[in-house]
Structures are given as structure tokens and as C-alpha cells.
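Reading the structure
Given next are the chains, with one letter for each unit.
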Amino acid sequence: MIDVTLESVSKRFARAGDTAAVDDVDISIAAGEFFTLLGPSGCGKTTTLRMVAGFYFPTSGRIRFGTEDVTHRPPNKRDTGMVFQNYALFPHMSVAQNVAYGLKIRKVGRAESARRIEEALGQVHLAGYGDRRIDQLSGGQQQRVALARALVIRPRTLLLDEPLSNLDAKLREETRVEIRRIQQEAGTTAIYVTHDQSEAMAMSDRIAVMESGRVRQIGAPQEIYHRPATAFVARFIGRSNVLSLPVVTAAAETVTVGLPDGSETAVAAPADHGLRAGDTALVSVRPEHLGLTSTTEAGALPGRVTEVEFTGMATNLVVEVAGEPVQVAAIDVPDGITVGDQVGLRLNRDRMWVVRP
Amino acid sequence: MSTIPATPSAATVPPVTQDPAPPPAARPRRGLNANSPWFPYLLVFPLALILFGYVVQPMFATFAESVGVDGVANYTEFVTGSGVARSALLTSLGISAASVLLCGIVGVAMAFLLKRFSFPGRRLIEAIILVPAALPPLIGAISFQLLYSETGILPRGLQQLLGTENPVLPFTGIAGVLVVHTFTMYPFFYLAASAALVGMDPSVEEAAYNLGASRVRVWRTVLLPMLTPALVSASLLVFMTSLASYTAPLLFGVDRTMTMQIYINRTNGDLPMASTYASVLAVASVLFLLGMRWYEGRRSYRSQSKGVASHRREITNPFGKWLALLASVLATMVLLAPVATIALVAFSRDGSWTTEVIPSEYTTANFVTIFSDPGAYRPILNSLQMSLLATVGCVVVGVLIAYAVRRLDFRGRGLLDVAVMLAWALPGTVVAINLISAFSTGNAFSFGQVLIGTFWIMPLAYFVRFLPLVFRSSSATLAQIDPSLEEAARNLGAPWWRAFGTVTLRLMLPGVLAGALLAFVNGVGEFVASVLIYTSETAPISVEINNRMYSFEVGTAAAYGMLQVVLIFVVMVFSGRLQNGGRATREAAKWTA
Ligand SMILES: Nc1ncnc2c1ncn2[C@@H]1O[C@H](COP(=O)(O)OP(=O)(O)OP(=O)(O)O)[C@@H](O)[C@H]1O
Ligand SMILES: [Mg+2]
């Protein structure tokens with residue numbers, strides 16, 4: 001069942017000239033799904049989320065909850081629960097009063113209210129904190145109160161705008177597990193905004209990768225990682241080498257490209273790649289899908305090491321192949337490898353993938 | 001539970017509904033939708049109308065009045081005439097320039113002494129430094145008259161002490177006006193310079209010394225340039241406030257000033273000429289306001305260096321120590337003398353004080369009179385009632401304008417801001433003349449009623465004069481409140497008005513209350529506009545004080561004055577509590593002068 005739909009949604013701010021903060025975005029999110037908007041700073045994630053919450057109205061396009069058109073519905077009638085980046089807890093109310101705010105507006109009875117507040121605080125491990133003042137809580141606790149306040153109204157959709165960005169690294173990892181657990185227990189649809197790709201990968205059912213107001217790709221984490229749609233996505237999610245290689249022949253879902261050493265190889269490509277013989281294809285290959293070998297191994301590309309960095313588990317190298325720097329993350333490298341060495345690069349051809357510019 | 005995505009395919013997911021031609025986007029049909037682009041206009045329109053009707057439009061009415069009879073002839077008198085108009089303008093400008101100079105010297109010197117040195121009595125002086133400036137304008141000026149004029153306590157005391165024929169060192173005429181201005185307006189410099197000095201990174205100064213600069217050179221090349229922005233703002237404020245000053249020239253009998261000419265022409269029934277003076281002053285105020293905004297806008301680009309607050313220098317020289325102590329005692333006496341004088345005189349028998357240094361007969365009868373004689377406590381009731389009414393108006397309108405200016409996005413936002421501040425920049429006399437010109441006939445903004453000669457003109461004048469106080473104070477508090485708090489309330493289901501009331505307004509309350517109290521005490525102390533528009537039924541306390549002074553009932557006048565003073569200090573202590581750390585007192589000083 002589809003819960004939230006954005007149809008060709010665009011947002012232009014009056015004072016920001018002609019550029020759209022959000023440009024023709026199509027997204028549909030299933031009920032119960034954990035959906036993440038991921039992208040670099042300023043790409044329009046917050047703007048998109050705020051249109052779903054009703055704080056901005058789209059310049060064009062439609063937003064639906066289920067089958068209802070909510071494009072211009074005011075925020076207080078949308079039944080979403082939002083967790084703000086700075087938590088936005090009411091400083092003049094206690095923890096319990098904060099959590100009770102939405103219930104009061106919904107005219108939930110006293111007993112029922114008390115029960116649900118207790119339940120929500122329990123869910124976020126803050127049972128017994130109801131009487132605390134907000135400024136008596138740590139950052140992590142405040143974050144959880146914000147979550148409880150949004151959850152207690154049993155919103156149809158939970159909206160989270162970088163809720164972890166004010167926490168330290170360790171707490172951030174713990175909390176993201178918690179948020180995911182609570183969301184799954186409650187069965188609520190969640191739209192989560194972050195610029196942290198590892199957070200997105202770890203938590204999400206699906207991710208929409210955004211760049212300058214546009215959605216570049218929507219998919220499950222593995223899919224986005226292994227089959228990035230564009231060079232931007234390939235580089236933004238993890239690390240990637242995007243090689244420009246000449247197309248020799250092109251078929252439906254495979255493109256054969258020429259390698260710098262004169263050999264050819266077939267690379268998997270999306271069905272709509274649109275490439276023809278003679279074009280230049282962009283081929284993404286991740287550093288961990290490249291291996292070091294001797295220059296003499298058949299099928300290995302010859303190159304020269306220009307950087308070596310030992311990190312413990314893997315060794316990160318930069319190898320120059322036909323004048324192009326290629327990043328390599330190798331688990332197993334010969335001892336004593338140094339800058340200037342001539343090496344062979346072994347390609348994991350199954351993991352190579354054609355991307356769009 | 002399964003949370004497997006419903007449409008796990010690559011690239012973007014097609015929209016679910018496949019209407020070939022989607023219907024036009026549904027618009028909200030009913031109710032106040034705070035997110036729609038026209039919501040701000042709905043809220044702002046009545047506010048803009050109020051500002052236009054009671055601040056801007058009356059200003060134009062005054063201008064129309066000034067050219068209504070003789071065309072521009074009234075104005076040419078300022079340029080060519082050898083008469084009163086020209087000399088009044090020049091005197092006003094001269095007094096203002098001299099006030100800037102005197103206040104600058106006193107204010108900056110005080111700031112340096114108190115912020116840079118440590119000596120006995122420093123804390124006490126810092127605590128009471130704003131007392132003279134916080135007095136209501138009329139009672140403040142009266143206290144200086146009682147202290148320093150020809151018949152004042154100090155010149156007569158010195159006369160008796162030295163056995164001379166005449167009072168020694170009396171301040172009269174323009175000199176008297178300058179004394180009042182210096183005492184009541186130096187806080188503009190003191191506060192600005194203190195803030196700059198406290199915010200200044202001492203290492204900058206130390207670096208200069210370290211590089212071998214002499215003390216004079218450090219002053220000239222480092223300290224003064226860093227103080228410049230503060231000094232420029234303070235100069236503008238003092239100049240404008242002096243130009244608007246009315247009570248000091250009134251009490252020291254300097255008739256040829258702009259404000260006095262407004263009053264004199266108005267009482268002589270020459271409204272066109274009074275309006276001419278008022279228009280000239282209004283133009284000066286507008287120019288001043290725009291200059292101020294321009295300068296502060298420019299200033300905001302230079303950030304002040306943050307750092308540890310500058311450390312104070314201990315005075316170690318024993319001679320210097322004694323000198324400092326003596327100066328502290330003297331300063332304390334000078335600062336407290338005005339209030340002490342009013343308190344003393346309030347207990348003197350009316351008519352008993354003639355040529356003595358201080359009154360000879362004391363009684364509590366004055367206080368009994370003002371509280372028991374119906375005719376005598378009428379002004380108190382008037383003041384409280386009119387001020388309360390005005391304050392209610394100021395709170396409602398001021399809070400909403402602050403909200404609109406700070407939180408809403410609409411065309412003409414800057415204009416709204418300027419209109420409120422215009423009400424602040426206009427001298428009280430000008431506000432009164434504006435209202436007289438606008439409402440001596442019926443008008444859409446008075447619902448067709450003539451307001452002159454009625455009760456309503458008084459609270460209206462107070463409203464116009466003190467609206468900016470509530471606006472400023474509310475706006476400053478609002479700036480501290482994260483807008484996402486209101487959004488969170490909206491998200492949890494609260495309609496706009498409920499989110500505003502339970503979250504934003506609730507959190508603004510300390511600032512609103514402080515502003516309201518300030519507006520209220522200013523209303524109770526108001527004299528400058530009142531004296532032009534009161535009727536015998538609506539005379540407020542200050543007008544009554546003035547009338548009693550004229551009939552030599554100095555004791556009773558001072559008793560009324562004590563009431564105002566006590567009210568002010570009670571309110572100040574209270575708002576100091578409200579906004580921790582005496583900020584309210586500082587704000588108050590900014591506005592009371
Ligand atoms: N109220 C506004 N008025 C004008 N422009 C805006 C407004 N809000 C956002 N923008 C612009 O829209 C673009 C997208 O902003 P948005 O806040 O959605 O980015 P974001 O992806 O959330 O970035 P971040 O990770 O930094 O929070 C930016 O260029 C921003 O400057
Ligand atoms: Mg953002």
C-alpha cells in the first residue's frame with residue numbers, strides 16, 4: 001500500500017532567483033517503509049521534507065497521503081510526527097508536557113493520555129523522566145523526547161530531519177539502531193533526511209539520492225551501492241572510480257568497452273543506457289573491486305603506484321593507469337610496495353557497472 | 001513485520017495514480033492557513049492600517065496644516081527670516097551639538113573609569129549610574145532646577161557658605177538646559193562605550209603597547225577607532241533626543257527652541273506655525289532614523305572580536321586611591337541628589353520654602369492631600385487609566401508587529417519596521433501636534449469623531465509614543481526563540497493561533513511584560529505630549545505637577561513626583577528580575593531620556 005506520494009513536486013523560493021530548491025521530484029513511499037532522503041548539503045532534502053510536513057507548499061506538483069491530495073493542507077491537519085534537527089522541544093514544559101502536547105490537541109482523555117505518554121517514554125527508555133525540565137536532559141535524551149513526542153500521537157508518517165547530527169559519533173550509532181527498532185515496532189512509515197551515507201545505508205529500506213534539487217536515484221541500499229545510476233551517485237555513496245572508456249559494442253544490458261591496454265571487456269549496464277558503438281561510457285568500479293597483481297598476469301592492467309596508505313585492514317593505493325589515477329583498496333598487498341612500483345591491476349569485472357554522467 | 005519496499009526497482013518510481021490530466025491542485029478553502037502566501041498580508045494589513053492611521057497619516061495632516069494657510073511662507077522664515085523661527089532652529093541645533101559634546105565627554109569618561117579601573121565604590125556607582133536618566137522627564141528637569149538654578153539648593157548653599165551677595169555658580173537659561181541634558185543623556189554614551197569596551201579584546205590593546213606604542217598613541221590609533229561605531233550611534237541618539245527635548249527649555253525658560261515654539265504657537269492658537277515647526281522636526285527625525293539604520297546596517301559587517309573581558313586595572317598609587325575614593329563619594333552624591341531633592345521637597349510645606357537653602361518646614365500633608373482630596377487624586381487616576389489603556393493597545397499591536405517583522409515573509413516588511421520606529425523617533429511634541437492636526441476633525445481612523453478635547457486623544461498619544469517600547473522588547477525576545485518550536489506545535493496538530501499562543505507568545509512573555517511595564521511607567525510619567533492635548537478632566541500627573549509648580553505648590557508637586565519615581569523604581573527592579581541582569585534598566589535608560 002502506498003502511503004506518501006510526491007508527483008512532479010518542485011519548489012522555487014521567491015527570493016532565490018530562478019533555481020529550484022526542489023526540482024520535479026517523483027517519489028512514492030510504501031506504508032511502513034523507512035525511506036531516506038540522502039544528499040549533500042543544500043540539495044533540497046529539508047525542503048522536500050518540509051513540503052511533506054506542510055511547512056512549505058510546492059510551487060508545482062502534488063503530494064498525496066494514500067489517495068488524499070494534501071498538497072495545500074496546513075501542517076496541523078496532516079497527522080505527521082516530525083523530529084527536528086535541533087529537537088524543538090518546548091523549553092517551558094516538562095518532558096511529560098512536551099509529549100502530552102499533541103494528545104491535548106487531539107483531546108485524548110486524561111487516563112488514556114497518561115498511559116500513552118508512559119508507553120512512549122518507555123519506548124525511548126525515558127520512563128520516569130516525565131517531570132524533568134528540558135534543560136536537565138542530555139542531548140541524547142532530548143533527542144529521544146523529541147522522538148517520543150512525535151510517536152505518541154501515532155502519526156501516519158514520521159518525519160526526521162537529521163535527528164542525529166547533534167549527537168557524538170558513538171551515541172549516533174546507538175541511536176540509529178534505536179530509531180530503526182522503534183519505527184519497525186510501531187509500523188510507522190518514516191521519511192528520514194540525512195547527508196551521512198553510512199547512516200542511510202544502515203537504516204533504510206530505500207534511499208533517494210538527491211543532487212541540486214533533483215532525485216538522481218531511488219533504490220535499496222545494496223542496489224544504490226552496486227548499481228549507481230549516475231557518476232555522482234557512484235562517488236557520493238562510498239568511493240568509486242568512474243572511468244571513461246570507449247564503447248566497442250552495445251547490447252541491451254551489456255556494453256563492451258575497450259580497456260587502456262587494448263583489451264576489451266563486457267560491463268553490465270542499465271537497460272536505458274542509450275550507448276552506441278563509438279560513444280564513451282562511464283564505468284564505475286569501486287576501489288575494493290580492484291586487486292593488485294604482477295604486471296605479467298593475463299588480463300591485468302599495467303600501472304604505476306603513486307600513493308600508498310596502510311590503514312590496517314586494507315591498504316589504499318592510487319595507481320596511475322594510462323595517465324589516470326585509479327583508487328584501489330587492497331586487502332592483500334605484497335610487502336614493501338612503494339611509490340613508483342610497476343603493478344598490474346586485476347579487475348573484478350562482474351562488479352563493474354555503466355553509469356550515466 | 002515486513003517493511004520490504006513496495007516498488008524496489010531502479011531509477012525513479014512512477015507515480016501511483018495515473019490520471020492522464022490531473023485536476024488543478026486543491027486550494028485551502030476556509031480558515032486561516034498560516035502557510036499560504038497570503039496569510040502574512042491578512043495579519044499585517046490591520047497592523048499597517050493602524051500605523052498608517054495613527055503615525056504616518058497624522059504626520060501628513062500636520063504638513064498639510066502647515067502649508068494650508070500661507071503656503072510655504074512659514075517655511076521660508078527658517079531660511080530668510082531674521083525672526084524667531086530661524087533663531088529657534090539655530091538655538092536648538094546649537095544646544096543639541098553642545099549636548100552631544102558634553103554627554104560624550106562625561107559618558108565615555110565614566111565608561112573608562114568604571115570598566116577599566118577598580119576602586120572603592122565602583123560597584124555602587126555602576127548600580128546607580130542610570131538613576132538620573134530614569135526619572136520621568138518633567139520631574140527630572142524639576143529636580144535639576146531645584147538643585148542648580150538661581151534659586152537652587154547648591155548655588156544658595158554656596159552663597160551662604162561663602163557669604164557672597166548672590167547665589168554662586170547658578171545654572172540658568174541654556175546652561176541649565178545643558179546640565180539637564182548632560183545628566184539625562186550621557187547614558188547613551190556610557191552604555192554604548194561600556195558595551196564596546198567590555199566586548200573589546202584586551203589583547204588588541206596589549207598588542208599595540210607591545211609593539212612600542214605610547215599611551216596617547218594607543219588611544220588615538222587603537223581605542224578610539226574601535227569605539228567609533230558606538231560613539232557615532234550615541235551621538236546621533238543624543239542629538240536627536242536633545243532636539244526633541246521640551247521640559248528642560250520649558251523649566252529653564254529658553255523659549256527660542258523648536259519644541260518651545262511648537263508649544264507657544266499652539267497655545268497662542270497659531271496651529272499652522274506650530275505645524276511648521278513640527279514638520280521640520282519630523283523631517284529631522286526621519287532623517288535621523290534613516291541615518292541610524294544606514295549606519296547600523298553598515299556596522300553589522302564589522303564583527304567585534306570576542307575574547308576574555310578586559311581586566312580592570314587596580315589603582316595602586318595611594319594619592320590616586322584617595323582621589324578615587326573622594327570622586328566616588330562625590331559621584332554618588334551627584335547621582336542621587338535629584339531623587340533625594342524630590343523626596344525632601346515632597347515633605348515640605350507648600351509656600352514655606354522661600355529664600356532658605358533647603359525647605360524649613362516639613363509635613364506629610366502633601367501626600368495626604370494627593371490621596372484624599374478628590375480633585376487632587378483625579379490626575380493620578382487619569383494617568384493610571386490612560387496609561388493602562390495605551391499599554392493594552394501597545395501590547396496587542398506591538399507583539400503582533402514584532403511577530404510579523406521577525407517571522408513572516410511579505411512585501412513591505414521593512415516599511416512596517418520603519419513605521420514603528422518612526423513613532424519612536426518623533427518628538428513627543430510632534431506626536432501631539434500630529435494628532436491635533438489629524439483628529440481635530442472627524443477622520444476615518446477616528447470613526448468620524450473629533451478626538452481633540454476628548455479623553456481618547458490622550459491614550460492614543462501614549463499608544464503612539466510607547467508602542468515602539470513594546471515592539472522592541474518583544475522583538476528582541478522573539479529573536480531568541482527558535483522558529484521551529486512553533487513549527488513543532490503546528491506539526492503536532494495545533495492551529496496557528498494555538499501554536500502562537502501556547503508556544504511563541506508564551507515564550508515571549510518576559511519580553512512582552514518588560515516592554516509593557518516600560519510603556520506603562522512611561523505613560524504615567526508622560527508630560528511632553530500631554531501638555532498640548534489635555535483637558536481639565538484628563539490632566540495627567542505630570543501636567544498637574546507643572547500646574548502646581550506654577551502656583552508655587554512645590555511640595556505637592558514633588559509629592560506627585562515621588563509617586564512617579566517610586567513606581568518607576570518598583571517596575572525597574574521587577575523587570576530587572578524578569579530579564580536577568582539589569583538589562584531592563586539599561587533598556588529603560590535608552591527610552592526614558
Ligand atoms: N526559506 C528559503 N528561502 C530561500 N531559499 C531557501 C529556503 N530554504 C532553503 N532554501 C534553498 O534551497 C536549497 C535547498 O535547501 P535545503 O534546506 O532543502 O537543503 P538540505 O538538503 O536540507 O541541506 P542541508 O544538508 O545543508 O540541511 C538551498 O540552496 C537553500 O539555500
Ligand atoms: Mg537540511
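Residues numbered from 1 in each chain as written. Chains lettered and ligands numbered in written order. Predicted model: local features only at pLDDT ≥ 70, side-chain atom pairs only at ≥ 80, totals over all residues. Heavy atoms only, no water.

1. Structural notes on the overall build of chain A
On a plain count of helices and strands, chain A comes out with 8 helices and 20 strands. Each principal axis of the C-alpha atoms in chain A carries an extent, and together these give about 80 × 45 × 40 Å. Counting every position in chain A, which comprises 357 residues, the buried fraction comes to 55%. Once local pairs closer than 6 in sequence are excluded, the contacts in chain A between residues at least 24 apart make up 66%. If you sum the accessible surface of chain A, you get close to 15100 Å²; carbon and sulfur atoms cover 48% of it. (Helix = DSSP H or I, 4+ residues; strand = E, 2+ residues; numbered from the N terminus. Buried < 20%, exposed > 50% of the residue type's maximum accessible area, 1.4 Å probe, protein only. Contact = heavy atoms within 4.5 Å. Areas by Shrake-Rupley, 256 points an atom, 1.4 Å probe, with all protein chains shown as cover.)

2. Notes on the overall build of chain B
When you go through chain B residue by residue, the secondary structure sums to 25 helices and 2 strands. A burial count over chain B gives 52% of its 593 residues as buried. Put simply, 75% of the contacts in chain B that link residues at least 6 apart link residues at least 24 apart. Just so you have it, chain B exposes about 26600 Å², and 66% of that area is on carbon and sulfur atoms.

3. Quick look at the domain arrangement of chain A
All names here are of chain A. Under the domain assignment, chain A is made up of domain 1 (2–230) and domain 2 (239–355). At the junction of the two partners, domain 1 supplies 7 residues and domain 2 supplies 8 residues. Counting each side, the surface lost to burial between domain 1 and domain 2 is near 610 Å², with a carbon and sulfur contribution of 52%. Of all residues in domain 1, Tyr 225, His 226 and Pro 228 give up the largest surface area on contact with domain 2, accounting jointly for 70% of the area buried on that side. Applying the counting criterion to the domain 1 and domain 2 interface returns 0 salt bridges. Counting across the interface, domain 1 meets domain 2 through 3 residue pairs in polar contact (both at pLDDT 80 or more). Of the residues that constitute the side of domain 1 that touches domain 2, the class distribution is 4 nonpolar, 2 polar and 1 charged. (Domains from an automatic or database assignment. Buried area = accessible area lost by both parts, 1.4 Å probe. Salt bridge = Lys/Arg side-chain N within 4 Å of Asp/Glu carboxyl O. Polar contact = N/O pair within 3.5 Å; in protein donor to acceptor, adjacent residues only side chain to side chain. Nonpolar A, V, L, I, M, F, W, Y, C, P; charged D, E, K, R; others polar.)

4. Some details on the domain arrangement of chain B
All names here are of chain B. Under the domain assignment, chain B is made up of domain 1 (35–64 + 378–523) and domain 2 (73–297 + 323–346). Here the C-alpha centre of domain 2 lies 29 Å away from the C-alpha centre of domain 1. Contact between domain 1 and domain 2 buries roughly 1500 Å² in total, counting both sides, with carbon and sulfur atoms accounting for 78%. Of all residues in domain 1, Pro 427, Thr 429 and Ile 433 give up the largest surface area on contact with domain 2, accounting jointly for 29% of the area buried on that side. In this assembly, domain 1 and domain 2 are joined by 1 residue pair in polar contact (both at pLDDT 80 or more). Ranked by residues supplied to the side of domain 1 that touches domain 2, first place goes to helix α17 (residues 413–425) with 7 residues.

5. Structural notes on the site of ligand 1
Residues and elements named next belong to chain A. In the neighbourhood of ligand 1, the contacting residues comprise Phe 13, Ala 21, Ser 41, Gly 42, Cys 43, Gly 44, Lys 45, Thr 46, Thr 47, Tyr 56 and Glu 162. The separation between an oxygen atom of ligand 1 and a polar side-chain atom of Ser 41 is 2.5 Å. Within the contact set of ligand 1, an oxygen atom lies 2.7 Å away from a backbone nitrogen or oxygen of Gly 42. Isolated, ligand 1 exposes 640 Å² of accessible area, and the fraction of that covered by the protein chains is 61%. Grouping the amino acids of the shell around ligand 1 by side-chain chemistry returns 4 nonpolar, 5 polar and 2 charged. (Near = heavy atom within 4 Å.)

6. Let's talk about the packing of helix α6 (residues 137–148) of chain B against helix α7 (residues 153–162) of chain B
A pair of packed helices is captured by two measures, namely the crossing angle of their axes and the spacing between those axes. All names here are of chain B. Where α6 contacts α7, the axes come no closer than 3 Å and their chain directions differ by 10 degrees. Comparing their axes, α7 and α6 come out roughly parallel. Residues Leu 146, Leu 147 and Tyr 148 of α6 form the contact with α7, whose participating residues are Ile 153, Leu 154 and Pro 155. For the contact of α6 with α7, the class distribution of residues is 6 nonpolar, no polar and no charged. (Axes fitted to C-alpha atoms, helices over the stretch in contact; angles between N-to-C directions. Parallel < 35°, antiparallel > 145°, perpendicular 65-115°, else oblique.)

7. What about the pattern of salt bridges?
All names here are of chain A. The final tally for this structure, using the stated rule, is 25 salt bridges over all chains. Of the charged contacts, one joins Asp 272 and Arg 356 as a salt bridge, the two residues approaching to 3.7 Å between their closest N and O atoms. Placement of the pair is Asp 272 in the loop between β13 (264–268) and β14 (280–285) and Arg 356 in the segment after β20 (353–355), with a sequence separation of 84 residues. Two residues, Arg 346 and Glu 297, come together in a salt bridge whose shortest N-O distance is 3.1 Å. Of this pair, Arg 346 sits in strand β19 (residues 342–347) while Glu 297 is found in the loop between β15 (290–293) and β16 (301–310), placing the two residues 49 residues apart along the sequence. By relative accessible area, Glu 297 is classed as partly exposed at 29%.

8. Remarks on the packing of aromatic side chains
Applying the stated criterion across every chain yields a total of 23 aromatic pairs over all chains. Here the aromatic residues B:Phe52, B:Tyr54, B:Phe439 and B:Phe445 are joined through ring pairs into a cluster of three or more. When the ring centre of A:Tyr225 is taken as origin, the NZ or CZ atom of A:Arg286, which lies over that ring, is 4.0 Å away. Looking at B:Arg472, its charged tip hangs above the ring of B:Trp424, at a distance of 5.7 Å from the centre. (Phe/Tyr/Trp six-rings, centres within 6.5 Å; stacked < 30°, edge-to-face > 60°. Lys NZ or Arg CZ within 6 Å of the ring centre and 35° of its normal.)

9. A look at the confidence of the model for chain B
Residue and element names in this part refer to chain B. Residues at a pLDDT of 70 or more form 88% of chain B, whose mean pLDDT is 81. Within chain B, no element has a lower average pLDDT than helix α25 (residues 583–592), which sits at 42, and none a higher one than helix α20 (residues 483–491), at 94. Every residue in residues 1–32 scores below 50 in pLDDT, and together they form 49 contacts with partners more than four places removed in sequence or on other chains. Here the predicted complex carries an ipTM of 0.86, next to a pTM of 0.84. (pLDDT = per-residue confidence, 0-100.)

10. Regarding the pairing of strand β17 (residues 315–321) of chain A
Residue and element names in this part refer to chain A. Most of β17 is tucked away: 6 of the 7 residues are buried. As defined by bridge partners, β16 adjoins β17 across 6 bridges and the pair is classed as antiparallel. Bridging from a neighbouring strand, Glu 309 pairs with Asn 316 of β17. Hairpin geometry of β16 and β17 is characterised by an intervening segment of 4 residues between the two adjacent antiparallel strands and by a positive phi of about 110 degrees at Gly 312. Pairing analysis gives 7 bridges linking β17 to strand β18 (residues 324–330), with the strands arranged antiparallel. Bridge pairing in β18 links Thr 315 to Ala 330. The hairpin turn running from β17 into β18, its antiparallel successor, is 2 residues long, and Ala 322 in that turn takes a positive phi close to 50 degrees. (Pairing = 2+ DSSP bridges.)

11. Describing a nonpolar patch on the surface
A cluster of nonpolar residues, B:Trp322, B:Leu325, B:Val329 and B:Met333, forms a patch on the protein surface that exposes about 440 Å² of accessible area. Along the polypeptide, B:Val329 turns up in helix α14 (residues 318–346). (Patch = residues over 30% accessible without salt bridge, like charges linked within 9 Å, V, L, I, M, F, W, Y side chains within 5 Å.)

12. Description of the nonpolar core
Membership of the largest hydrophobic core comes to 239 residues, with the highest contact counts inside it found for A:Ile27 and B:Ile401. Of all the elements, helix α8 (residues 173–199) of chain B adds the most residues to this core, at 14 residues. Core analysis: the next-biggest nonpolar cluster, separate from the first, contains 28 residues, A:Val321, A:Val326, A:Met352 and A:Val354 among them. (Core = buried A, V, L, I, M, F, W, Y, C linked by side-chain atoms within 4.5 Å.)

13. What about the environment of B:Ala278?
All names here are of chain B. Residue placement: Ala 278 occurs in helix α13 (residues 271–299). As a C-alpha pair, Ala 278 and Pro 427 span 149 residues in sequence and 8.7 Å in three-dimensional space. If we skip the residues at most four places from it in the chain, Ala 278 touches Thr 62, Ile 262, Val 430 and Ile 433.

14. Some points on the sheet that holds strand β9 (residues 206–211) of chain A
Residue and element names in this part refer to chain A. Strand order across the open sheet formed by 6 strands is β6-β7-β8-β3-β9-β10, with mixed pairing between neighbours. Either end of the sheet is taken by a strand with one partner, and the two such strands are β6 (80–83) and β10 (214–219). Between one strand and the next, the sheet's axes are offset by a mean angle of 15 degrees, whatever the strand orientation.

15. Side note on the side chain of A:Arg50
Structurally, A:Arg50 can be placed in helix α1 (residues 45–53). Sequence-distant contacts of A:Arg50, defined by excluding residues within four places in its chain, comprise A:Phe55, A:Tyr56 and B:Glu487.

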